[in-house]
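# Coordinates in review
Now for the letters of each chain:
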Amino acid sequence: MKFINLFAIMLLLTPLILAKTKEEWKTRTVYQLLTDRFYRDNDDRSSCGNLRKHCGGTFKGITKQLSYIKGMGFDAIWISPIPINQGDDYHGYAFIDMYKINPHFGTDEDLKELIRQCHKQDIWVMVDVVANHVACIGEDYGRIHPFNKREHYHNPCQIDFNRMWQDKYMRENCRLFCLPDLDQSNPYVRSELKRWVRYIIDTYGFDGIRIDTVAHVPLDFWKEFADAAGVYQVGEVLHGDVRIVAEYQQSLDALLNYPLYYAMKDSFTQRQSMKRIYNSLQDIKRGFKDVTVLGTFIDNHDQPRFLHGNNNIPGLKNALALIFMAEGIPMVYYGTEQAYNGGGDPNNRESLWDHMNTRSEMYQFISTAVSSRKRSKPWEHPIEYLYYDNEVLVIRRGSVIVALTNVRWRVQRSVVVPSFFNGKLLRNVFNRNDVIQSVHDRINLVLTEGEPKIYEVAN
């Protein structure tokens, strides 16, 4: 009997022992996908007729195409929320039963098999979770499980997006659109949300969680929720002000780096000075408790794609080179590797199965950049700013030098570098014939046609 009890205790503790820490997550590069839009398990590659409805992507479909993800070097994926939603809610962000798997995505066993196969290939799995709201059911709360009573929700009121950031009560208590707002101060709601997140970690073996709508829930709840999860958490606070976003790192491991996202958009699409990015990186470093675990990104499902309304492939490459080599955990949205250019929701949530070209320019670019990240291990080295002006930003991570620009014409700069590089040949990972040498603590950088460069010490 003692042996059985000891075994039960060990079994209970196993998920916590095996949980991936935020320090371990620093080494990962994440591929974000929408489960409904990535791949159909029946291999049907016809396009999705209506992006506002289910298109047919499944857990089995993801499992079938792990080689496509692995081919770019990604070693983590971020998938959509898993609970069943109502009607045409393909995205997963509006559950009706928190404990039932969305049948459009597959079965309980399909999800477990996906995670088993991911782990077999050393791919970690992050799941999106929602603890702020439920499906659009008006006040028919009996349709929701387990929060089926009026007392589980805040009194109905509507968020005014023009005043949301000036009115904390509104932001944390009123409804986003038509979504009933859960009351985390209710003891049952609070404990059940924590129990549920622990349940999905234990049951399926997720390695991390992305948390939706963090700013719409009081800060103190998130500390308890994070502790219950016991894995790396990255939260969404959709704002460009470092002070607003950084506050939530008091309770969570990390946040999505929206301040850097907006700076990159300004510099690479609006051609604002590269000093905009430099200054943003400085503000982020000062403002966050730990910038090294923030989720860095240039596209996601909530924003028009970087290429929307333009064909600025060089700008996209520069932004990606920065997130791969700056401080933080890179998170790349599916379709970026195929130069998708959709606008706002749902046009930025295209199906991928009809454009899975592993020889495309962006697929190859990402593969090369991720390989460089893995070789150079930037998370082991501090970031150094070697040079910046209106058109150029140059950083160093260990033995790697990254040169970025926001213009398409030829630019040339003489850049002072540490003596470590003296006499060494540096080779551009994107063009093996592009080799420079540091002489007397200087390198001569030439950037053409807006292309970024990542220089590694040549063997």
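One structure accompanies this document, and this report is about it. For clarity, every value in this text was computed on a predicted model and none was experimentally measured.

## Some points on the packing of helix H11 (residues 258-269) against helix H13 (residues 313-325)
- Look at H11 against H13: their axes get within 10 Å of each other, and the N-to-C directions meet at 150°. For H11 against H13, the interelement crossing comes out right-handed. Contacts from Leu-260, Met-264 and Phe-268 in H11 reach Gly-315, Asn-318, Ala-319, Leu-322 and Ile-323 in H13.
- Of the residues in the contact of H11 with H13, the class split is six nonpolar, two polar and no charged.

## Focus on the layout of surface pockets
- Space inside the largest pocket adds up to approximately 840 Å³.
- For the lining of the largest pocket, the class distribution of residues is 17 nonpolar, six polar and seven charged.

## Some words on helix H14 (residues 361-376)
- Taking 1.5 Å per residue as the helical rise, H14 with its 16 residues ought to reach 22 Å, and the 23 Å between its terminal C-alpha atoms agrees with that figure.
- Among all positions in H14, only Met-362, Tyr-363, Phe-365, Ile-366, Ser-367, Ala-369, Val-370, Ser-372, Arg-373 and Ser-376 are buried.
- Those residues of H14 that are buried lie in contact with helix H5 (66-70), H13, strand E10 (329-333), strand E13 (400-405) and strand E18 (453-457).
- Downstream of H14 by one or two residues, Lys-377 has phi in the positive range, about 45°.

## Remarks on the side chain of Arg-373
- As for its placement among the helices and strands, Arg-373 is situated in helix H14.
- Buried charged residue Arg-373 carries no salt bridge. Nearest counter-charge: Asp-75, at 6.9 Å.
- Here Phe-324 takes part through its backbone oxygen, which lies 2.9 Å from a polar atom of the side chain of Arg-373.
- Here Arg-373 is in contact with Lys-26, Thr-27, Arg-28, Thr-29, Phe-324, Met-325, Gly-328, Pro-330, Pro-378 and Trp-379, once residues within four sequence places are set aside.

Rules and cut-offs
- Residues numbered from 1 in each chain as written.
- Predicted model: local features only at pLDDT ≥ 70, side-chain atom pairs only at ≥ 80, totals over all residues.
- Heavy atoms only, no water.
- Axes fitted to C-alpha atoms, helices over the stretch in contact; angles between N-to-C directions.
- Helix = DSSP H or I, 4+ residues; strand = E, 2+ residues; numbered from the N terminus.
- Left-handed = near helix turned anticlockwise from the far one by under 90°.
- Contact = heavy atoms within 4.5 Å.
- Nonpolar A, V, L, I, M, F, W, Y, C, P; charged D, E, K, R; others polar.
- 1 Å grid on protein atoms, 1.4 Å probe; cavity = no way out; pocket = protein on both sides within 12 Å on 5 of 7 lines; lining within 4 Å.
- Points joined across faces, edges and corners; volume = space filled by probe spheres on them.
- Expected span 1.5 Å × (residues − 1).
- Buried < 20%, exposed > 50% of the residue type's maximum accessible area, 1.4 Å probe, protein only.
- Lys, Arg positive; Asp, Glu negative; His and termini not counted.
- Salt bridge = Lys/Arg side-chain N within 4 Å of Asp/Glu carboxyl O.
- Polar contact = N/O pair within 3.5 Å; in protein donor to acceptor, adjacent residues only side chain to side chain.

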